[in-house]
Each structure stands twice: as structure tokens, then as C-alpha cells.
Amino acid sequence: MSIKLRLTVMSFLQFFVWGAWLITIANYWFGTKQWDGTQFGAIFATMGIASLFMPTLIGIIADRWVNAEKLYSLLHLLYAATLFYLPQVNDPQLFFYVILAAMCFYMPTLALSNSISYTALTLGQYDLVKAFPPIRVWGTIGFIAAMWLVNLSGNKATGYQFYIAGAAAFALSVFALTLPKCPPRNINREGQSLIQTFGLEAFKLFGNYKMALFFVFSMFLGGALQLTNAYGDVFLDEFKFYPAYVDSFVVRLSTIIMSISQISETLFILAIPFFLKRFGIKKVMLISMLAWVLRFGLFAYGDPAGGLWMIILSCIVYGMAFDFFNISGSLFVETSTDSHIRSSAQGLFMMMTNGFGAVLGSLISGWVIDHYFTLHFSNVHSLADFLQTDAENSFLLKFVQERGVDVLQNGTLSAEVLLKDWHHIWLAFAGYTLVIALLFAVLFKHKHERPAAAAYSDSRH
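What exactly am I supposed to notice about the overall build of the protein here?
Looking only at helices and strands, the protein has 17 helices and 2 strands in total. Relative to the compact-globule value of 23 Å for 461 residues, the protein shows a C-alpha radius of gyration of 23 Å, a close match. Dimensions of the protein, computed from the C-alpha atoms along their principal axes, are close to 85 × 45 × 40 Å. Long-range contacts, defined as pairs at least 24 residues apart, comprise 82% of the intrachain contacts of the protein with a sequence gap of at least 6. Carbon and sulfur atoms make up 66% of the accessible area of the protein, which amounts to about 18000 Å² in all.

Help me understand the pattern of salt bridges in this model?
Any two side chains of opposite charge can pair if their charged atoms end up close together. Under the criterion given, the structure shown has 4 salt bridges. With a shortest N-O distance of 3.9 Å, Lys 156 and Asp 237 are connected by a salt bridge. Here Asp 237 lies in helix 10 (residues 209-237) and Lys 156 lies in the loop between helix 7 (128-152) and helix 8 (160-175), a separation of 81 residues in the sequence. For the pair formed by Lys 156 and Asp 237, the shared burial category is buried. Between Lys 240 and Asp 237 there is a salt bridge, with the nearest N and O atoms lying 3.0 Å from each other. The network of salt bridges with shared partners includes Lys 156, Asp 237 and Lys 240.

Can you walk me through the packing of helix 4 (residues 54-64) against helix 6 (residues 92-123) in this structure?
A pair of packed helices can be characterised by two numbers: the angle between their axes and the separation between those axes. Direction vectors running N to C along helix 4 and helix 6 enclose 60°, while the axes themselves pass 8 Å from each other. Classified by the interaxial angle, the pair formed by helix 4 and helix 6 is oblique. In the crossing of helix 4 with helix 6, the sense of the turn from one axis to the other is right-handed. Residues Met 54, Pro 55, Ile 58 and Ala 62 of helix 4 touch helix 6, and the partners they reach there are Cys 104, Met 107, Pro 108 and Leu 112. The residue inventory of the contact of helix 4 with helix 6, partitioned by class, reads 8 nonpolar, no polar and no charged.

How should I be thinking about the side chain of Asp 421 in this particular structure?
Counting through the fold element by element, Asp 421 comes out in the loop between strand 2 (412-420) and helix 17 (422-443). Every residue in contact with Asp 421, bar those within four places of it in the chain, is listed here: Phe 373 and Leu 375.

Please clarify how the nonpolar core should be interpreted in this entry.
Note on soluble globular proteins: their nonpolar side chains tend to be buried together. Of all hydrophobic cores here, the largest spans 152 residues; its most connected members are Trp 18, Trp 21, Tyr 79 and Phe 95. Those residues in contact with Trp 21 that sit more than four places away from it in its chain are Met 47, Tyr 79, Leu 83, Ile 99, Met 103, Gln 161, Phe 162 and Ala 165.

Where do I start with the packing of aromatic side chains in this structure?
Within a pair of aromatic rings, the relevant descriptors are the distance that separates the centres and the angle that separates the planes. Evaluated as defined, the whole model comprises 42 aromatic pairs. For the ring pair Tyr 231 and Trp 422, a centre distance of 6.1 Å and an interplane angle of 55° mean the geometry is tilted. Residue Tyr 231 is located in helix 10, and its partner Trp 422 is located in helix 17; the two are separated by 191 residues in the primary sequence. Geometrically, the ring pair formed by Phe 299 and Trp 426 is tilted, given 5.1 Å between the ring centres and 50° between the ring planes. With Phe 299 in helix 12 (residues 254-301) and Trp 426 in helix 17, the pair connects residues that are 127 residues apart, well separated along the chain. The buried category is assigned to Trp 426, whose relative accessible area is 0%.

It is not clear to me how a nonpolar patch on the surface should be interpreted in this structure. Could you clarify?
Taken together, the side chains of Leu 74, Leu 77, Leu 78, Phe 170 and Val 174 make up a nonpolar region of the molecular surface, amounting to roughly 420 Å² of accessible area. Within the residue set of the nonpolar patch, elements represented by two or more residues are helix 5 (68-85) and helix 8. Sort the elements by how many residues they give to the nonpolar patch and helix 5 lands first, with 3 residues. For Val 174, the position within the fold is in helix 8. Residue Val 174 is classed as partly exposed on the basis of its relative accessible area, which comes to 47%.

Whenever I open this one, the side chain of Lys 282 confuses me. Can you help?
Positionally, Lys 282 belongs in helix 12. Taking relative accessible area as the criterion, Lys 282 reaches 17% and is therefore assigned buried. Of note is the side chain of Lys 282, whose polar atom sits 3.0 Å from the backbone oxygen of Ala 441.

Looking at this structure, how should I read helix 13 (residues 308-334)?
Since one α-helical turn is 3.6 residues long, residues separated by three or four positions face the same way. In this model helix 13 runs 39 Å from its N-terminal to its C-terminal C-alpha over 27 residues, within 8% of the 39 Å that 1.5 Å per residue would give. Most of helix 13 is tucked away: 22 of the 27 residues are buried.

Mind showing me how you'd approach the environment of Leu 22 here?
Tracing the backbone through its elements, the reader meets Leu 22 in the loop between helix 1 (3-19) and helix 2 (25-33). Sequence separation between Leu 22 and Leu 236 is 214 residues; the distance between their C-alpha atoms is 15 Å.

It is not clear to me how helix 8 should be interpreted in this structure. Could you clarify?
In this model helix 8 runs 23 Å from its N-terminal to its C-terminal C-alpha over 16 residues, within 8% of the 22 Å that 1.5 Å per residue would give. Next to the buried residues of helix 8 lie helix 1, helix 2, helix 5, helix 6 and helix 7.

Help me understand the confidence of the model for the protein, please; the structure alone is not making it clear to me.
When pLDDT drops low, the exact placement of atoms in the prediction is not to be read closely. Residue-level pLDDT values for the protein average 84, and 91% of them are 70 or greater. Of all secondary-structure elements in the protein, the lowest mean pLDDT belongs to helix 9 (residues 194-197), at 47, while helix 8 reaches the highest, 96. For the stretch residues 194-199, pLDDT sits under 50, and the model shows 13 contacts to residues farther than four places along the chain or on other chains. Between residues 451-461, whose pLDDT stays under 50, and residues either more than four places distant or in other chains, the model counts 21 contacts.

Rules and cut-offs
- Residues numbered from 1 in each chain as written.
- Predicted model: local features only at pLDDT ≥ 70, side-chain atom pairs only at ≥ 80, totals over all residues.
- Heavy atoms only, no water.
- Helix = DSSP H or I, 4+ residues; strand = E, 2+ residues; numbered from the N terminus.
- Rg over C-alpha atoms; globule rule 2.2 N^0.38 Å.
- Contact = heavy atoms within 4.5 Å.
- Areas by Shrake-Rupley, 256 points an atom, 1.4 Å probe, with all protein chains shown as cover.
- Salt bridge = Lys/Arg side-chain N within 4 Å of Asp/Glu carboxyl O.
- Buried < 20%, exposed > 50% of the residue type's maximum accessible area, 1.4 Å probe, protein only.
- Axes fitted to C-alpha atoms, helices over the stretch in contact; angles between N-to-C directions.
- Parallel < 35°, antiparallel > 145°, perpendicular 65-115°, else oblique.
- Left-handed = near helix turned anticlockwise from the far one by under 90°.
- Nonpolar A, V, L, I, M, F, W, Y, C, P; charged D, E, K, R; others polar.
- Core = buried A, V, L, I, M, F, W, Y, C linked by side-chain atoms within 4.5 Å.
- Phe/Tyr/Trp six-rings, centres within 6.5 Å; stacked < 30°, edge-to-face > 60°.
- Patch = residues over 30% accessible without salt bridge, like charges linked within 9 Å, V, L, I, M, F, W, Y side chains within 5 Å.
- Polar contact = N/O pair within 3.5 Å; in protein donor to acceptor, adjacent residues only side chain to side chain.
- Expected span 1.5 Å × (residues − 1).
- pLDDT = per-residue confidence, 0-100.

What follows is the structure in C-alpha cells.
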């Protein structure tokens, strides 16, 4: 099996084991377990908490002491074990700790998979900017395949999604042992400083103004990524509360609709070499930020009927928003750092995006949604107006009864019915990313020299 084919299989499984539950866990949480929103925000924050230290720590170990592919195999084995245990958990607090353990094992593998690919391709004398995107696109295809499998098998709200992911993670753990050898590059040398001895050189990148600013904006964009992962599928699923949309295929196949986002990724990943070499990292990142504004803004006005085209277009735009930030950012870090700190530098990038960014995006958004964008209905008439129906609608009355609420005299409800105000939630997210885009355009200084673009993949500092 060729190097590129082995890296392709790795990329496919790397994201399959995540896509099997990442988009649908909200349905399991809210629909099956019926746990609350603030707690759910904490669940998505586990990715950020784990990314605060694990990718950097594992990257240092890979740079200093242990082969990257062996670490990668061990981490996926441990990740599989925690996924197999998750369906047995019936307490939200314990669920938090188990998913945190799973994320501590999984999140470092994102950076390691990049590092392994870059090492193998470099040794094979491939042009990274040209060779990596076609390999990475199979990760997105793996993510899509997992989403479709979980949705079409009827498991998007069941614990079987974790068994599916766990089985694939175990297979990847075994397959990783066949990957090209990636021995430590930053070995002990005489006269090393304490920072060099413990593999902390990558943190010196924060001393460079441009790199530090790049990491800061990566953190803010990482927050935007968590918002769409956490709430995209449940947003579409909650159209079932509207009598006019209850039988819509958008509700029945919400995960399939969301997978259009990943299908779009496959196209935009392949466009990255052209955009990076023609426009440079600043313009590509700026395009990504503006795409996030469109992603959220279109969701704000979309619905399963007359606004379906907005939902579809939002999913298409997501491909540009995600790829132009995540993949291009990873390539920028790779081509702007020394090879002997490759793994730890990628770990830093993950720390800022999936670490600090995810924590901010998950915890703050969960709190803000609960306190400012959750509507409280104490009267059936106001609830009916919001759900675009009348107070006597049989589906509406069934919906109220299923929540254990009775309709009293004059339409008063025996207990409040809570619904999320998705329109204003998405508008708030769109405003957030627009502010980031404007600040990035002004503050990030980077001159792209097109004549030197051909040598972009060979640059090392």
C-alpha cells in the first residue's frame, strides 16, 4: 500500500470516528436523555478543555521521545474504550467526565494526523500544498459517511452512535501501526537550554507578533466552529415543534441535510492550493470569516419550506468557512515553523482553536442561549403564535401534553414551556463573526508575494 493511500485511509477513519456522534450528540442529549442546555454547553466544552493541554503535550512527546504513529495508535485505542462505555452512563455529570476523557484521547490525534501526513509527504518529496488537501478531503468523506450511517440506521438519538465510533476507532488504532515511521526529530543535543530540553520551543512562536496574532484569531474562529457543531443539527430537528414543518424531510433527515456542509468541504479542500498560492493566508482567512457570517445569517432566516434554499446554501458556505480556516491554518503553521517542532507547533494551533476557542464558544454560548435566547411561554395563545399555528391545533396540544404541561382556563399553561429563539441566536453568532472579520482585516499584517508562491511549500524558518 503506497504512502498516499495509507494516509488517505488514516484521514478517512480519523474523522469517521468523530462524525459518528459529534453532530448527533445533541439529539441524544436533549431528545433521549432530556438533559438541559447549560450542561450540554459543558459537554461541548470538553473538546476545548482537552485541547488546552493535550495536543501540545502529546506533540512535545512526539517531537522528543516517542514515534508519532505509535502515540497515535495508543490514543485511538483509549478513545475507543471510552466510547464503548458512554452508552452505559445515565448521569449527566458522569457523562461529562467520560466524554472529557474521550476528548483527551481524541483531540491530540487531530494534530498528530497532520504531523504524520506532513512528515511522510516531506520524506517522499511531495509538495505539501498540492499533496495534502486531496488526502485530507477523505477525512471529510469519512465524516459524511459516519453521519449518513448513523442517521439512516436510525441511531442519531441512540447510544449506538458511540458503539459505531468506538469500533472504527479500534480499527484505526490497529491500522495506525502500518503507517510510515515518524521518529522524534527534536532529540537531545549538547548545550540545549531548559526550554529546548523539555520541548517547549513551539511556545516561542507567541513571541512573533504575526504568529501570535494568527493564534489569537484562530481562537476566536475556533469558537465559531464549535457553535455550528453544537447547535446545527438540533436547530433543524426542532422544526418538528412547528405543526407546519413536523412532516418535513428536513426534520426526518436533519443529519443528512447537515452533511451537505461536509460534502461542500470536499470541494473547497481541493481549492485550497489555488487560493493559498494566489491570495495568501490573510485573504484566505478573511474569506473564511466572511463565510462564517453567511453561514449563521442564512440559518437565521431559513426554514424547511420557503427558506429551504437558505439552509442548503448555508451548508454549502460552511465548506469554505471551515476549510479556509482549519486546513489553510494548519498548512500556514507547518510552513512557518521549523521541522523539529512540527508536532508541538500543530499542537499549539489545536490548543488555540479547539482548546481556548472551543471553551469560550461552548460555555459562553450555552450560558447566553439559556439566559437571553430561551423563550418562556406561560400561555397557549402566545406559544401558538410563535409556532405559527392556532391554539386549538391538535399537534400543538399534543406537544404541550408530552411535556407534562396542562392547558388551564383562559389558555394558561400549568408550567412554562421553553423554546430556543433560533432566529436571534444565529443573528448573534453572525454578528460575532463579522466583528472578528473586521478586526482581522485591520490588525493582521501579512504581505503575500505571488512570485514566491511556487516555493511556498518549501519555506522553513
